[in-house]
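A closer look at the structure
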Amino acid sequence: SRYHFVELPLNLQFRLTKENKLPVYINGSLSLGYMVGTNALHYDGSYGLYYADDKLFRKWQVGLSTGLSVRLFSSSKHPMEFGPQLHFKPSNNFSVNGVSTEHLFNAGLSLKWYLK
């Protein structure tokens, strides 16, 4: 299943090390997202079939993110940050009561390139 969101994040970033050659950062974010589409299917146990119905999904969702990053080329004009990132949506993915509780979670690698 794929879920497509447009999100507006509020990010915070704190530097963990004082070293200038390879600084390490921890970041966190709170975001408000709108689901623009999904290809997820629902299972109807009484008929034994799968079907698509976008109306069952909660369109507006809140997201929480956290991660660590290392800044590469920090003394250059275009530094880069690289590191693992976790994202969790604590709100129930379904808008209809009685449908199973489901939350979205993903993990990945973040790469940021700064254009000073």
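A few points on the structure. (Residues numbered from 1 in each chain as written. Predicted model: local features only at pLDDT ≥ 70, side-chain atom pairs only at ≥ 80, totals over all residues. Heavy atoms only, no water.)

Looking now at the side chain of Asn92. With respect to the secondary-structure elements, Asn92 resides in the loop between strand 6 (80-89) and strand 7 (104-113). The class for Asn92 is buried, based on a relative accessible area of 19%. In terms of polar contacts, Asn92 uses its side chain to reach the backbone amide nitrogen of Glu102, at 3.1 Å. (Helix = DSSP H or I, 4+ residues; strand = E, 2+ residues; numbered from the N terminus. Buried < 20%, exposed > 50% of the residue type's maximum accessible area, 1.4 Å probe, protein only. Polar contact = N/O pair within 3.5 Å; in protein donor to acceptor, adjacent residues only side chain to side chain.)

Here we come to the pattern of salt bridges. Applying the stated criterion across every chain yields a total of two salt bridges. Where Glu7 meets Lys89, a salt bridge forms, and the shortest distance between an N and an O atom there is 2.3 Å. Of this pair, Glu7 sits in strand 1 (residues 3-15) while Lys89 sits in strand 6; the two residues are 82 residues apart in sequence, bridging distant segments of the chain. Judged by its relative accessible area of 33%, Glu7 is partly exposed. (Salt bridge = Lys/Arg side-chain N within 4 Å of Asp/Glu carboxyl O.)

With that out of the way, let us pick up the pairing of strand 2 (residues 24-38). Summarising the sheet, strand 1 and strand 2 pair through 13 bridges and their orientation is antiparallel. Paired with Leu10 across the two strands is Leu30, which belongs to strand 2. (Pairing = 2+ DSSP bridges.)

Another aspect to go through is the side chain of Ser31. Relative to the elements of secondary structure, Ser31 occurs in strand 2. Excluding its chain neighbours within four sequence positions, the residues that come into contact with Ser31 are Glu7, Leu8, Pro9, Gln61, Val62, Gly63 and His87. (Contact = heavy atoms within 4.5 Å.)

Geometry only, nothing functional implied.
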